[in-house]
Amino acid sequence: MSAFKIELKNLIKLTWPLLVAQVTQTLMGVSDTIMAGRFSATDMAAVAIGFSITLPVICFVQGLTLALTPIVSRLDGAAQTSQIVKASYQCLYLVLPIAALLSLLSVFLPYWFSLVPMEAQLRDITVEYVSYILYSLPLFATYQVLRNFCEGLSITKPTMIIMVVGLLVNIPANFILIYGKFGAPAMGGAGCGLATALVFTAMLFSTGLYIYYSKSTSNYRLFDRLVPPFLPDIVSTFKLGLPIALTLLFEVTLFGVVALLLSPFGAQTVASHQIALNFSALMFMFPLSIGMATTIRVGFLLGKNDTDGAKLAAKTAVLLGLSIAIFTACITILARHQIALIYTTENDVIELAMSLLLLASMFQLSDAIQAISAGALRGYKDTTAMFLITFIAYWLIGLPTGVLLSLTDYIVPAMGARGFWIGFICGLTAAAIMLGFRVNHIQRMYAVK
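Every chain begins its residue count from 1, and numbering advances along the sequence as written. For a predicted model such as this one, the threshold for reporting local features is a pLDDT of at least 70, and the threshold for listing and counting side-chain atom pairs is 80 or more; totals across whole chains, interfaces and linings nevertheless cover every residue. Hydrogen atoms and water are omitted, and side-chain values are computed over all heavy atoms in the structure.

Visitor: Quick question: what am I supposed to make of the overall build of the protein chain here?
Guide: Looking only at helices and strands, the protein chain features 18 helices and 0 strands. Taken over C-alpha atoms, the radius of gyration comes to 22 Å for the protein chain, in line with the 22 Å a tight globule of 449 residues would show. Each of the three principal axes of the protein chain carries a C-alpha extent, and together these read 55 × 55 × 35 Å. The burial tally for the protein chain puts 52% of its 449 residues in the buried class. For the protein chain, the share of sequence-separated contacts (at least 6 apart) that also reach a separation of at least 24 residues comes to 80%. To measure how exposed things are, a 1.4 Å probe is used in the Shrake-Rupley method; for residues, cover is taken only from the protein chains shown. Of the accessible surface of the protein chain, which amounts to about 19,800 Å², a share of 70% is contributed by carbon and sulfur atoms. When the 25 positive and 19 negative side-chain charges of the protein chain are each reduced to one mean point, those points stand 14 Å apart. Numbering of helices and strands starts at the N terminus; helices are DSSP runs of H or I of at least 4 residues and strands are runs of E of at least 2. Here the globule rule reads 2.2 Å times residues to the power 0.38, and the radius of gyration is calculated from C-alpha atoms. Any residue under 20% of the maximum accessible area for its type is buried, any over 50% is exposed, and the rest in between are partly exposed; the area is computed with a 1.4 Å probe on protein chains only. By definition in these notes, contact holds between two residues if any of their heavy atoms fall within 4.5 Å. The positive count covers Lys and Arg only, the negative count covers Asp and Glu only, and His and the chain ends enter neither. Positions of charges follow a simple convention, taking NZ of Lys, CZ of Arg, CG of Asp or CD of Glu.

This is how it looks when you write it as C-alpha cells:
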C-alpha cells in the first residue's frame, strides 16, 4: 500500500468520529432553539440572544485548550509519556482560573442587561440562561482539557461517543426543565441554560471515567497524582493557545456583526441569510473535522522527526477536504431549493436563500483549504501566523468588501445580503491562499533543519 493510501486511511480513521461529534454538538444547539421555541417566542428569543453572548466566551475557552492537542500529539510521537501528563495539567492550570474569572461575570449580568432596551421578561430569561452557562464554564474547560488529551493521543472515538451522551442528556433535560416535568419547575428558556450546564457535567465525568478505565489511556495514570504548576509550561501553552482562541473569537463575532448589519434590510433578508449560514455551517463540519485530524497527525509525525510524513499528512488532508468540498458544493447547487424548503415555506425567503446558497457553494473549496491549512499550522505550532492571516482575511478583506458591496453604491448598486456573501468568498479565498503559502513556508523551514 502506498504512503498516500496509508496516510489517507489514518486521517479518515481520526476524522469520522470528530465529524460525528461536531454534528452532534450542532444538534444540541438546534434542539435548544426548537424546544424553547415551542414553549414561547420570548423564550426562544432569550435562548438565541443568550447563545450569541455565550458562544464567543465558550469558543475562547475552547481555543485555549486546543493548544494541548499539538503538544500531546508531538510528545506522543516522541514517546515522552511522562511529559504528556505534565502538559495536560499545565493546560488545566491555565484555563481553570480563566474560566472561573469568566464565571464571576455572571454577578454583573443584571446590571449590564439593565442598560439594554429590551422587554423585562425577555431580559430576565436571558440573564438566567447566560448565568447558568457562565457558572458551568470551569466544568466545560476541564472537559475540553480531557478531550484534547485524548485527541492528542489520536484517540477520537471517545469524543464522538461522549458527545452523543451529551445530546442524550440535553434533550430530556431540556424537556424536563423547560416544560416543568416530573415535579421540576417550568423554567422556559432558562431551562436550556441549566440543561447545557448538566450536559457539560455529564461530558466531563464520562470523559474522566473513560480515561481512568480505558486500556488505551489508563497506562498514562492521569489521575494518580497531582502534577504541580510549572509557570514556563503554562506560559508556553498560553502563547500557543491564545492565537487559536482569538481566531475562534473573531470568526464567531464576524458572523454576528454581519447579522446585525443586515437587520435593517428586514426579517426576510435576515431569515434568508440565516438559512444559508446554518446550512454552510453544517457543511463546514467536514473540513473542520479533517483540520482537527490534521493537527493530530502533523504533531504526531513531527514528534517522530518525520517531517516528510507531516508534509504528506497535510497534503493528503487538503486533497481529501477538496474532494468532499466538491461533492458538498454540487449538493448545495443542485438541491438549494429543497434545502431552503426545509427551513421555510415563504417564497421570497426561499428565492433569496437559494441565491445565497449558490454563493455559499462557491466558497466551500476555499473554506476547506483554509480550515485544513489552519489545522496543519496548529500541528506545526505556528498559531500566531494563523491568527494574523485569518484576522486580515476576515476583518480587513472579507468584511470591508461585504460592507462596500452590500451597503454602498461605490462599486455596484447596493447588493444587500448577496454583497456580504461575496465578501465571505473574498475573505475565505484570501485566507486559503495565505494559509496555504504559510504551510508551504513552514514545511520548507522544517526540511532544511
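Still to come is the rest of the account.
Visitor: I keep staring at unusual backbone geometry and nothing clicks. Help me out?
Guide: Most peptide bonds adopt trans geometry, and most residues besides glycine take a negative phi value. Not every positive phi belongs to a glycine, and Arg221 is a case in point at roughly 50°. Tracing the backbone shows Arg221 in the loop between helix H10 (215-218) and helix H11 (231-262). Overall, Arg221 belongs to the exposed group, its relative accessible area being 55%.

Visitor: Looking at this structure, how should I read the nonpolar core?
Guide: Note on soluble globular proteins: their nonpolar side chains tend to be buried together. The biggest cluster of nonpolar side chains holds 61 residues, and the ones touching the most others in it are Leu68, Ile84, Leu137, Phe149, Leu153, Met203 and Leu222. Ranked by residues supplied to this core, first place goes to helix H4 (residues 81-103) with 10 residues. If we skip the residues at most four places from it in the chain, Leu137 touches Val57, Ile58, Val61, Ala99, Leu102 and Ser103. Only buried Ala, Val, Leu, Ile, Met, Phe, Trp, Tyr and Cys residues count toward a nonpolar core, and they belong to the same one when joined by side-chain atoms within 4.5 Å. Listed in part, the 44 residues of the second largest apolar core include Ala314, Leu377, Ala417 and Ile442.

Visitor: Any chance you could explain the side chain of Asn148 here in plain terms?
Guide: Positionally, Asn148 belongs in helix H7 (residues 137-152). Sequence-distant contacts of Asn148, that is, excluding residues within four places in its chain, are made with Thr65, Leu66, Leu68 and Thr69.

Visitor: I tried to follow the pattern of salt bridges on my own but got confused; where do I start?
Guide: Once their charged atoms are close, side chains differing in charge can pair, the charge on each being opposite to the other. Here a salt bridge means any side-chain nitrogen of Lys or Arg lying within 4 Å of a carboxyl oxygen belonging to Asp or Glu. All chains considered together, the criterion is met by 5 salt bridges. Notably, a salt bridge pairs Lys86 with Asp233, separated by 3.5 Å at the nearest N-O pair. Here Lys86 is found in helix H4, whereas its partner Asp233 is found in helix H11, with 147 residues between them in sequence. The exposure class of Lys86 is partly exposed, given its relative accessible area of 24%. Judged by relative accessible area, which is 24%, Asp233 ranks as partly exposed. In this structure, the salt-bridge partner of Glu151 is Arg147, at a minimum N-O distance of 2.7 Å. Pair noted here: Glu151 and Arg147 are both in helix H7, with a separation of 4 residues, about one helical turn. Taken individually, Glu151 and Arg147 each receive the classification buried, so the pair is uniform in this respect.

Visitor: Sorry, what's going on with the packing of helix H3 (residues 68-77) against H7 here?
Guide: A packed helix pair is summarised by two numbers, namely the angle formed by the two axes and the spacing between the axes. Look at H3 against H7: their axes get within 8 Å of each other, and the N-to-C directions meet at 35°. The element H3 and its partner H7 pack so that their crossing is right-handed. Note on element contacts: H7 touches H3 through Val145, Asn148, Phe149, Glu151 and Gly152, opposite Leu68, Thr69, Val72, Ser73 and Asp76. The axes are straight lines fitted to the C-alpha atoms, using for helices just the contacting stretch, and the angles between their N-to-C directions are given from 0 to 180°. Each crossing gets its hand from how the near helix is turned against the far one by less than a right angle, where anticlockwise is left-handed and clockwise is right-handed.

Visitor: Can you help me understand the packing of aromatic side chains in this one?
Guide: Aromatic rings considered in pairs are described by the distance between their centres and by the relative angle of their planes. Ring geometry is summarised as follows: Phe, Tyr and Trp rings, the Trp one being its six-membered ring, pair when their centres sit within 6.5 Å, and such pairs are stacked at plane angles under 30 degrees, edge-to-face over 60 and tilted between the two. Tallying each qualifying case throughout the model produces 13 aromatic pairs. Taking the centre distance of 5.7 Å and the plane angle of 15° together, the rings of Phe363 and Trp421 count as stacked. Of the two residues, Phe363 is situated in the loop between helix H15 (347-362) and helix H16 (364-379) and Trp421 in helix H18 (residues 417-447); the sequence distance between them amounts to 58 residues. The residues Phe363 and Trp421 share a single accessibility class, namely buried.

Visitor: How should I be thinking about the environment of Thr269 in this particular structure?
Guide: Within the fold, Thr269 resides in helix H12 (residues 267-303). Its relative accessible area of 13% is what places Thr269 among the buried residues.

Visitor: Honestly, a nonpolar patch on the surface in this entry has me stumped. Any pointers?
Guide: Patch rule: a residue counts if its relative accessible area is over 30% and it has no salt bridge; like charges are joined within 9 Å, and nonpolar side chains (Val, Leu, Ile, Met, Phe, Trp, Tyr) within 5 Å. A cluster of nonpolar side chains, contributed by Val107, Phe108, Tyr111, Trp112, Leu115 and Val116, occupies part of the molecular surface with about 630 Å² of accessible area. You can see Val116 is positioned in the loop between helix H5 (109-114) and helix H6 (120-135).

Visitor: It is not clear to me how the packing of H4 against H7 should be interpreted in this structure. Could you clarify?
Guide: In contact at an axis separation of 8 Å, H4 and H7 are set at 160° when each is read in the N-to-C sense. On the basis of the axis angle, H4 is roughly antiparallel to H7. As H4 packs across H7, the resulting crossing turns out to be right-handed. For the pair H4 and H7, the contacting residues are Ile84, Ser88, Cys91, Leu92, Val95, Leu96, Ala99, Ala100, Leu102 and Ser103 in the first and Leu137, Pro138, Ala141, Thr142, Val145 and Phe149 in the second. For this classification, the nonpolar set comprises Ala, Val, Leu, Ile, Met, Phe, Trp, Tyr, Cys and Pro, the charged set comprises Asp, Glu, Lys and Arg, and every other residue, Gly included, is treated as polar. Each residue belonging to the contact of H4 with H7 can be placed in one class, and the counts come to 13 nonpolar, 3 polar and no charged. Under this scheme an angle from 65 to 115 degrees is roughly perpendicular, one under 35 degrees roughly parallel, and one over 145 degrees roughly antiparallel; angles in between are oblique.

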